[in-house]
Amino acid sequence: MKNEEIIPVILSGGSGSRLWPLSRKSYPKQFLPLISAEETMIQATLIRGAQISNRCPIVICNEDHRFLAAEQIREANISNADILLEPLSRNTAPAITLAALHALSHEKSPDPILLVMPADHFIGDANLFAAYINDGVKAANAGKIVCFGIQPAYPETGYGYIQKGAALTAIADNTFDVKAFTEKPDQDAAEGYIRSGEFCWNSGIFVFKASVFLDELNKYEPELVATCRTSLDRATKDLDFIRIDAESFAKAKDISIDYALMERTQNAAVIPMNIEWSDIGSWSALWQLKDQCPNGNV
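Residues numbered from 1 in each chain as written. Predicted model: local features only at pLDDT ≥ 70, side-chain atom pairs only at ≥ 80, totals over all residues. Heavy atoms only, no water.

## With respect to the pairing of strand E3 (residues 82–86)
On any regular strand, side chains alternate: one points to one face of the sheet, the next to the other face.
Okay, so step 1: Counting buried residues along E3, four of its five residues qualify, which places the element largely inside the surrounding structure.
Okay, so step 2: In this fold, the crossover linking strand E2 (residues 58–62) to E3 by way of helix H2 (residues 66–75) has right-handed handedness. (Buried < 20%, exposed > 50% of the residue type's maximum accessible area, 1.4 Å probe, protein only. Helix = DSSP H or I, 4+ residues; strand = E, 2+ residues; numbered from the N terminus. Right-handed = clockwise from strand over helix to strand, strands pointing away.)

Structural data, given as structure tokens:
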């Protein structure tokens, strides 16, 4: 059964430069059919969101990619997306803030739950993913800002990690306080993380109530919230797009959601997902996910 509390938020502002030359500034990897010939990465993400909720998704993308995004959304049979156009890239914290402000001002429900997903990630089992998200909704309704970790399969040095704290059994199964966020480790540290059993990869996927997110972010980055609010207030409607005001948004701090909020808040929770996942951040990552010939080539 679909969860009508949830609004999917798709972050599609990335440049995909690590998969050059296939992925380019004008055609980044989220718009490419990297895993399946039938759908691109953003289409797979939109479909995952639609399997979880019927609510109108919010897609945040670069202004230069607006027609590319709109066409791929249409091809995925998503007819009701709100497309917010960033006039310039300002990282994930401003993008998510815009989505939360937009959701609160345009949705019928007074305080929607947002499911924030990067547009260019691979997830192997959509049904299992939906089950984890439902656990996250329980924690979000309890006032937590939930990040989803990935049970690490090996000591990867290219991902950030989340250290689990105390179990939040009164809220939901498989849900923990966040003890610490760590940057990409060296090999020795990564191996220690795996041995401890306390760490998971940071997937960059979140669930939270829009109001809880904004209230908490306002404690640490009030100027960012105010700037995004002004940028959205001055936005203009253009065909199927919502153009964020360029002059206002240029003043927004360029900062990730981890630095702006998750590493500072006392209100974070983590749900480790035992699921096949990749951010496809390199050619070797893509090679691992695809079928290989007898010579090991893809």
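## Some details on unusual backbone geometry
Okay, so step 1: Unusually for a residue other than glycine, Asn 91 sits at a positive phi of about 75 degrees.
Okay, so step 2: Secondary-structure assignment places Asn 91 in the loop between E3 and helix H3 (92–106).
Okay, so step 3: Looking at Asn 91, the relative accessible area reads 34%, which means it is partly exposed.
Okay, so step 4: A positive phi angle, close to 55 degrees, is found at Asn 174, a residue other than glycine.
Okay, so step 5: Counting through the fold element by element, Asn 174 comes out in the loop between strand E7 (161–167) and strand E8 (176–182).
Okay, so step 6: Using a relative accessible area of 30% as the deciding quantity, one classes Asn 174 as partly exposed.

## Considering the pairing of E2
Okay, so step 1: Here E2 lies mainly inside the structure; five of its five residues are buried.
Okay, so step 2: As judged from the four bridges shared by strand E1 (residues 6–12) and E2, these two strands associate in the parallel manner. In the sheet register, Ser 12 faces E2, and the bridge partner there is Cys 61.
Okay, so step 3: The sheet contact formed by E2 and E3 spans five bridges and is parallel. Its bridge partner lying in E3, Ile 60 is registered against Leu 84. (Pairing = 2+ DSSP bridges.)

## Re the pattern of salt bridges
Two side chains carrying opposite charge are able to pair once their charged atoms lie near each other.
Okay, so step 1: Per the stated rule, a full pass over the model turns up eight salt bridges.
Okay, so step 2: The salt bridge partner of Arg 243 is Glu 63, with a shortest N-O separation of 3.0 Å. Remark: Glu 63 occurs in the loop between E2 and H2 and Arg 243 occurs in strand E11 (residues 241–243); sequence separation between them is 180 residues.
Okay, so step 3: Residue Glu 63 is classed as partly exposed on the basis of its relative accessible area of 22%.
Okay, so step 4: Three or more residues joined by partner-sharing salt bridges are found here, namely Glu 63, Asp 238 and Arg 243. (Salt bridge = Lys/Arg side-chain N within 4 Å of Asp/Glu carboxyl O.)

## Details of the nonpolar core
Within soluble globular proteins, side chains that are nonpolar generally end up buried alongside one another.
Okay, so step 1: Ranked by size, the top nonpolar core spans 45 residues in total, and within it Leu 114, Phe 213 and Met 262 carry the most contacts.
Okay, so step 2: For this core, the element with the most residues is H3, which contributes eight residues.
Okay, so step 3: Leave out the neighbours within four places in its chain, and Leu 114 touches Ile 7, Val 9, Ala 99, Ala 100, Ala 103, Phe 206, Val 207, Phe 208 and Ala 210.
Okay, so step 4: By size, the runner-up hydrophobic cluster in this structure holds 44 residues, among which are Leu 46, Ile 78, Leu 85 and Ile 123. (Core = buried A, V, L, I, M, F, W, Y, C linked by side-chain atoms within 4.5 Å. Contact = heavy atoms within 4.5 Å.)

## Considering H3
Okay, so step 1: For H3, with 15 residues, the first-to-last C-alpha span of 21 Å sits near the 21 Å given by 1.5 Å per residue.
Okay, so step 2: Here H3 lies mainly inside the structure; eleven of its 15 residues are buried.
Okay, so step 3: Looking only at H3, the buried set comprises Ala 93, Pro 94, Ala 95, Ile 96, Thr 97, Leu 98, Ala 99, Ala 100, Leu 101, His 102 and Ala 103. (Expected span 1.5 Å × (residues − 1).)

## Overview of H2
Okay, so step 1: For H2, the complete set of buried residues consists of Leu 68, Ala 69, Gln 72 and Ile 73. The buried residues of H2 occupy one face: seen down the axis, they fall within an arc of 130 degrees. Projecting away from the buried face of H2 at angles above 90 degrees are the exposed residues Phe 67 and Arg 74.
Okay, so step 2: Against the buried residues of H2 lie helix H1 (41–52), E2 and E3. (Arc of directions from axis to C-beta.)

## Details of the packing of aromatic side chains
Okay, so step 1: Considering all chains together, one arrives at eight aromatic pairs under this definition.
Okay, so step 2: Ring geometry for Tyr 193 versus Phe 199: centroids 4.0 Å apart, planes at 15 degrees, classification stacked. The two residues Tyr 193 and Phe 199 agree in class, both being buried.
Okay, so step 3: The interplanar angle of 45 degrees and the centroid separation of 6.3 Å between the aromatic rings of Trp 201 and Trp 277 together place this pair among those described as tilted. One end of the pair, Trp 201, is in strand E9 (residues 199–209); the other, Trp 277, is in strand E13 (residues 277–278), with 76 residues separating them in the sequence. (Phe/Tyr/Trp six-rings, centres within 6.5 Å; stacked < 30°, edge-to-face > 60°.)

## Topic: the packing of H3 against helix H7 (residues 222–233)
Okay, so step 1: Where H3 meets H7, the axes come as close as 9 Å, and the angle between the chain directions of the two elements is 60 degrees. Taken together, H3 and H7 sit at an angle that is classed as oblique. At the point where H3 passes H7, the crossing takes the right-handed sense. Together, Ala 93, Pro 94, Thr 97, Leu 98, Leu 101 and His 102 of H3 and Leu 224, Val 225, Cys 228, Arg 229 and Leu 232 of H7 make up the contact between the two elements.
Okay, so step 2: The residue makeup of the contact of H3 with H7, split by class, is eight nonpolar, two polar and one charged. (Axes fitted to C-alpha atoms, helices over the stretch in contact; angles between N-to-C directions. Parallel < 35°, antiparallel > 145°, perpendicular 65-115°, else oblique. Left-handed = near helix turned anticlockwise from the far one by under 90°. Nonpolar A, V, L, I, M, F, W, Y, C, P; charged D, E, K, R; others polar.)

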